[in-house]
Amino acid sequence: MKVKFREIQKKDIPEVWELLDQLKPIGFTPDIDDAWTEYNCIGLVGLDKGKIIAYGSLVIESKIRGYLSGQIEDVVVDSNYRGKGVGEKLVDEINKRAENIGCYRVSLFCKNELIPFYQKNGYEVNNIVMKKWFQEI
């Protein structure tokens with residue numbers, strides 16, 4: 001399967017939201033214009049014959065000492081395309097973007113069952129993640 005990757009466009013938002021609902025439904029529909037205006041990531045979509053089948057984003061942080069760090073968020077592949085290498089290609093595309101921008105590292109949070117997938121893509125377990133939730137979405 002030949003998947004083409006490109007940066008997200010505003011018109012892609014409804015399809016991307018459908019994909020993200022496969023990760024976690026949020027129970028409401030945000031405003032597209034507000035979402036696009038406030039969006040501050042590099043988002044990539046994967047397409048198969050014009051259909052969006054994958055999405056992932058890269059958040060760039062400018063550190064106090066002047067270097068850049070990236071964080072991968074919201075990696076999702078349509079359930080009908082999982083197990084076909086699309087996720088690996090998506091993560092590789094995100095990594096390339098981060099490296100080209102000049103990030104010295106890229107981090108991500110994942111569930112325990114996804115550790116082997118990310119290890120296969122060159123990531124290693126490092127430290128412990130802790131979160132404080134202010135609201136549930």
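Every value quoted in this text rests on a predicted model; they were computed, and no experiment measured them.

I'd like a description of unusual backbone geometry, backed by residues and values.
Excluding glycine, most residues fall at negative phi; most peptide bonds, likewise, are trans. Phi at Asp 74 is positive, roughly 55 degrees, even though this residue is not glycine. According to the relative accessible area criterion, Asp 74 is partly exposed, its value standing at 38%. Notably, Asn 127 is not glycine yet its phi reads approximately 75 degrees, a positive angle. Of note, Asn 127 is situated in the segment after α4 (115–120). Here Asn 127 falls in the exposed class, since its relative accessible area comes to 69%.

Can you explain the pairing of strand β5 (residues 103–108)? Please cite residues and give values.
Pairing of strand β4 (residues 68–77) with β5, which is carried by five bridges, proceeds in the parallel orientation. By the bridge assignment, Ser 69 is partnered in β5 with Arg 105. Taken together, β4, helix α3 (residues 86–101) and β5 constitute a β-α-β crossover, and its handedness is right-handed.

Can you lay out the sheet that holds strand β1 (residues 4–7) for me, pointing to particular residues and giving the numbers?
Within the open sheet, the five strands sit side by side as β1-β2-β3-β4-β5. Their pairing is mixed. Looking at the sheet topology across the chains shown, the edges are occupied by β1 and β5. This sheet shows a mean twist of 25 degrees between the axes of neighbouring strands, independent of strand direction. Sitting on the sheet, helix α1 (residues 13–23) touches β2 (42–48), β3 (51–62) and β4, and the angle it makes with β3 is about 85 degrees. Running over the sheet, α3 touches β1, β2, β3, β4 and β5 and is turned about 30 degrees from β3.

Cut-offs used in this document
Throughout this description, residue numbers start from 1 for each chain and increase along the sequence as written. Reporting in this predicted model follows two pLDDT cut-offs: at least 70 for local features of residues, and 80 or more for side-chain atom pairs to be given and counted; totals over whole chains, interfaces and linings ignore these cut-offs and use all residues. As a convention, hydrogens and water are excluded, and side-chain values are obtained from all of the structure's heavy atoms. Burial here depends on accessible area, computed with a 1.4 Å probe over protein chains only, as a share of the maximum for the residue type. Under 20% is buried, over 50% is exposed, and the range in between is partly exposed. Working definition: helices are DSSP H or I runs of at least four residues, strands are E runs of at least two. Numbering for both runs from the N terminus. In this scheme, strands are said to pair when DSSP sees at least two bridges between them. A right-handed crossover is one whose linking path, passing over the helix from the first strand to the second, runs clockwise when the strands point away from the viewer. Orientation is described by lines fitted to C-alpha atoms, with helices fitted over the stretch in contact, and by angles between N-to-C directions that extend from 0 to 180 degrees. Residues are treated as being in contact if the distance between any of their heavy atoms lies within 4.5 Å.

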